[in-house]
Amino acid sequence: MLLKILFSLCFFVSTFVYAKPIKIEILSDYNPSYGESPGDLATQLLLIIARNLKDEMAIDFVPASRLREWRELEHHDHICLYNKVKTPEREAKAIFVTLPLMAFPSNRLILRNKKFVSAEVTLEKALSLGLRVGVTKGRSYGLEIDDFIKANSDRLFIGEGNDSAFRLRKMLVQGRLDGIIEYSSVFVNDYPSEEVLKDISFHAIGDTHATIFGYIACSDSKLGRQAVDLFERALQKPLIQEQVISAHANLFLPQEEVFISNSLKSAFGVDKKEH
């Protein structure tokens, strides 16, 4: 009897030790086969988490457009996406990690040579002024803005493709668009010169939340749920949380940075842990 118990115990331990990591495909515009480090913070943070989970999860990056990545996630059980805004439509077809990977100030309406527009303006008001505003197809800007875009797509310039956000920023600088919806820090990072910025103004969009979080989302499947549980566990670790929070330092304009840091601490419950 004792031998049977010992054999069962050894079998359980050996199975646990040698269990293969689950295989997950991450759809992204990052391709590690090029041998380059990722330029965006979200990918850098995802790789930190992936290294933390290397014994339990093996990930492969697969190129995909924003539209295709959601289709792939719906049709396969081993797909995960990252830096995704939660919307009711997306939560109906994917499982989201509850803790955020990224935090952003709300998108701004960025205008060129339109400084007569007030510091805070609704999108309806901007379009009523006859402004040609560009947005990226398939991107989520937050629930309120997404709803407006859906209802007013015929009044907006819709950019398509993997690099559409970059092309919209370029079109604005070239004067081919009056405005775009984008994060102020992303635009300033692309065009930091005073010569460009002297003609640019950043406007808060009325009726939107001050902070937007980007999450990891996976296929609504058994494998997807396993991946979400692993990502969740990694993001619960104080060291990972510290890395996520500190990585956001100096990422945004000074007036937005403190608010972003506090929003992440609140999401992680850091303030509660410190008291």
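Located above this text is the structure these notes cover.
Residues numbered from 1 in each chain as written. Predicted model: local features only at pLDDT ≥ 70, side-chain atom pairs only at ≥ 80, totals over all residues. Heavy atoms only, no water.

**A look at the packing of helix H2 (residues 41-52) against helix H10 (residues 222-235)**
Contact geometry for H2 and H10: axes closest at 10 Å, N-to-C directions at 100°. What the angle tells us is that H2 and H10 run roughly perpendicular. Contacts between H2 and H10 involve Leu 46, Ile 49 and Asn 52 from the first element and Phe 231, Ala 234 and Leu 235 from the second. Its residues assigned to classes, the contact of H2 with H10 shows five nonpolar, one polar and no charged. (Axes fitted to C-alpha atoms, helices over the stretch in contact; angles between N-to-C directions. Helix = DSSP H or I, 4+ residues; strand = E, 2+ residues; numbered from the N terminus. Parallel < 35°, antiparallel > 145°, perpendicular 65-115°, else oblique. Contact = heavy atoms within 4.5 Å. Nonpolar A, V, L, I, M, F, W, Y, C, P; charged D, E, K, R; others polar.)

**Focus: helix H3 (residues 66-75)**
Those residues of H3 lying buried are Glu 69, Trp 70 and Leu 73. Looking down the long axis of H3, one finds its buried residues gathered within 95° of arc, a one-sided arrangement. In this fold, the buried residues of H3 make contact with strand E1 (22-28), strand E3 (79-84), helix H4 (88-91), strand E4 (94-96) and strand E12 (211-219). (Buried < 20%, exposed > 50% of the residue type's maximum accessible area, 1.4 Å probe, protein only. Arc of directions from axis to C-beta.)

**Considering the nonpolar core**
Among the nonpolar cores identified, the biggest contains 54 residues, and Tyr 82 and Phe 231 are the most heavily contacted of them. Discounting chain neighbours no more than four positions away, the residues touching Phe 231 are Leu 46, Ile 49, Leu 53, Met 57, Cys 80, Val 97, Ile 216 and Cys 218. Counting residues in hydrophobic clusters, the runner-up holds 17 residues, among them Leu 123, Leu 131, Ile 181 and Ile 205. (Core = buried A, V, L, I, M, F, W, Y, C linked by side-chain atoms within 4.5 Å.)

**What to know about the state of the cysteines**
Tallied over the entire structure, the rule returns one disulfide. Cys 80 shares a disulfide with Cys 218; S-S distance 2.1 Å. Residues Cys 80 and Cys 218 are joined through a disulfide that is right-handed, its torsion about the S-S bond being 105°. With Cys 80 in strand E3 and Cys 218 in strand E12, the pair connects residues that are 138 residues apart, well separated along the chain. Note on Cys 80: relative accessible area 0%, which makes it buried. (Disulfide = S-S within 2.5 Å.)

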